[in-house]
Amino acid sequence: MCEACGCHEHESMYMPKTLTVVKTSPMTERDRFFEFKLDGRDLGHLPGQFAELSIPGIGEAPISVSSSPTKKGSFEMVIRKVGKVTAALHDLNAGDTLGVRGPFGTHFPMDEIKGKDLLFFGAGIGLVPLRSAVNFALDNRPDYGKMFLLCGFTDVSQRLFTDEMESWKNNRSVEFLETVDRGSPQWEGNTGVITTLIPKIKDRLSPKNTKAFIVGPPVMYKFVILELRNLGFRDADIFVSLERRMKCGVGKCGHCQIDGVYVCQDGPVFTLESISHLVEAL
Ligand SMILES: Cc1cc2nc3c(=O)[nH]c(=O)nc-3n(C[C@H](O)[C@H](O)[C@H](O)COP(=O)(O)OP(=O)(O)OC[C@H]3O[C@@H](n4cnc5c(N)ncnc54)[C@H](O)[C@@H]3O)c2cc1C
Ligand code: FES
């Protein structure tokens with residue numbers, strides 16, 4: 001309970017809870033997979049949300065939850081080593097403890113879009129938050145129509161969740177396609193940016209009945225959105241997840257602001273329609 005006022009809301013907003021590393025393993029040279037557990041309870045996140053991970057004396061970093069809320073007892077994240085906090089997180093081993101605040105932010109509205117076809121675009125580390133929604137939909141498969149999952153990586157060495165991608169490929173209830181920007185002798189799949197996969201599924205898409213999800217590097221959004229609009233998708237049916245420098249994660253410090261919109265609270269998940277007036281957003 002919050003020591004200042006006794007409420008539970010402030011407890012989760014400002015006071016880190018203790019998290020234990022259950023399992024960790026390398027995914028690429030700079031990306032590491034983590035399974036974490038809280039003492040006797042679930043994190044309580046929804047697909048697309050993030051949490052602030054902290055290491056005492058070092059700092060805090062917002063990291064997306066990658067597992068679906070349908071997975072109980074623990075949750076998963078993938079952390080890319082880019083600086084001080086993420087390097088310290090990479091040094092953690094099974095059994096070590098750290099702090100967590102959250103979950104924070106908006107989520108993909110999986111309940112409201114029941115009955116719709118789903119078209120997912122996950123590029124690079126963008127597949128990490130997207131995976132939570134993908135696995136949520138797969139675990140509740142009868143609730144949704146056709147499912148398409150398009151993934152892209154810069155090259156073979158950057159591929160994430162390779163075993164899981166193999167299982168998606170073999171899952172007849174989802175049409176899964178993958179590409180790498182730059183091929184190599186050992187790569188037999190599609191080569192080219194993620195939009196090169198769209199013509200392969202185009203005939204089976206029903207834009208008026210489909211919700212599209214895009215999560216990836218900033219450069220990708222413009223091109224995927226252009227293709228989707230050309231296919232007849234409305235901006236209200238396109239969800240994007242934005243990343244900004246964050247500190248508090250709870251709408252207090254202003255670090256993540258774009259023209260009065262707080263990405264940590266109003267996002268990170270937005271419909272394209274809701275941010276079309278924000279020039280800087282994408
Ligand atoms: C909502 C949200 C979800 C995120 N999810 C994930 C995730 O699932 N996995 C993951 O590895 N990372 C994720 N990130 C990014 C992660 O928070 C940063 O990489 C981390 O905070 C960097 O901290 P650091 O101390 O290691 O690096 P720093 O020393 O703070 O910075 C190192 C370098 O990274 C750049 N950088 C730091 N933060 C960001 C950022 N948010 N966007 C772009 N560049 C940045 C800095 O400009 C600098 O060049 C997410 C960020 C947000 C806002
Ligand atoms: S991170 Fe502090 S207001 Fe968004």
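Residues numbered from 1 in each chain as written. Chains lettered and ligands numbered in written order. Predicted model: local features only at pLDDT ≥ 70, side-chain atom pairs only at ≥ 80, totals over all residues. Heavy atoms only, no water.

So, on to the pairing of strand β9 (residues 175-180). Both strand β8 (residues 147-153) and β9 contribute to a ladder of six bridges, which runs parallel. Looking at β9, one finds that F153 is bridged to V180. As for the winding sense of the linkage, the β-α-β connection from β8 through helix α4 (residues 162-169) to β9 is right-handed. Sheet topology places β9 next to strand β10 (residues 190-191); two bridges connect them, and they run parallel. (Pairing = 2+ DSSP bridges. Helix = DSSP H or I, 4+ residues; strand = E, 2+ residues; numbered from the N terminus. Right-handed = clockwise from strand over helix to strand, strands pointing away.)

Moving on: the domain arrangement of the protein. Along its sequence, the protein is organised into domain 1 (7-103) and domain 2 (117-241). Computed from C-alpha coordinates alone, the two centres of domain 1 and domain 2 are separated by 25 Å. The interface of domain 1 with domain 2 comprises 18 residues on the first partner and 15 residues on the second. Carbon and sulfur atoms make up 58% of the surface buried where domain 1 meets domain 2, a total of about 1,300 Å² over both sides. Broken down residue by residue, the surface that domain 1 buries against domain 2 is led by M27, S66 and T70, which jointly contribute 31%. The interface formed by domain 1 and domain 2 contains one salt bridge. With a closest N to O distance of 2.7 Å, R131 and E76 form a salt bridge. In this assembly, domain 1 and domain 2 are joined by seven residue pairs in polar contact (both at pLDDT 80 or more). Elements with a contribution of two residues or more to the side of domain 1 that touches domain 2: β2 (31-38) and β5 (75-80). Take the side of domain 1 that touches domain 2: its biggest share by element is three residues, from β5. Residue composition of the side of domain 1 that touches domain 2, grouped by class: six nonpolar, eight polar and four charged. (Domains from an automatic or database assignment. Contact = heavy atoms within 4.5 Å. Buried area = accessible area lost by both parts, 1.4 Å probe. Salt bridge = Lys/Arg side-chain N within 4 Å of Asp/Glu carboxyl O. Polar contact = N/O pair within 3.5 Å; in protein donor to acceptor, adjacent residues only side chain to side chain. Nonpolar A, V, L, I, M, F, W, Y, C, P; charged D, E, K, R; others polar.)

Further remarks concern the site of ligand 1. Neighbouring ligand 1 are 19 residues; P62, V78, R80, V85 and T86 lie closest to it. In this structure, an oxygen atom belonging to ligand 1 sits 3.2 Å away from a main-chain N or O atom of G83. Contacts to ligand 1 include K84, whose backbone N or O atom sits 3.4 Å from an oxygen atom. Computed on the free molecule, ligand 1 has an accessible area of 880 Å², of which 72% lies beneath the protein chains in the complex. When residues of the shell around ligand 1 are traced back to their parent elements, those giving at least two are β4 (59-64), β5 and α2 (84-90). (Near = heavy atom within 4 Å. Areas by Shrake-Rupley, 256 points an atom, 1.4 Å probe, with all protein chains shown as cover.)

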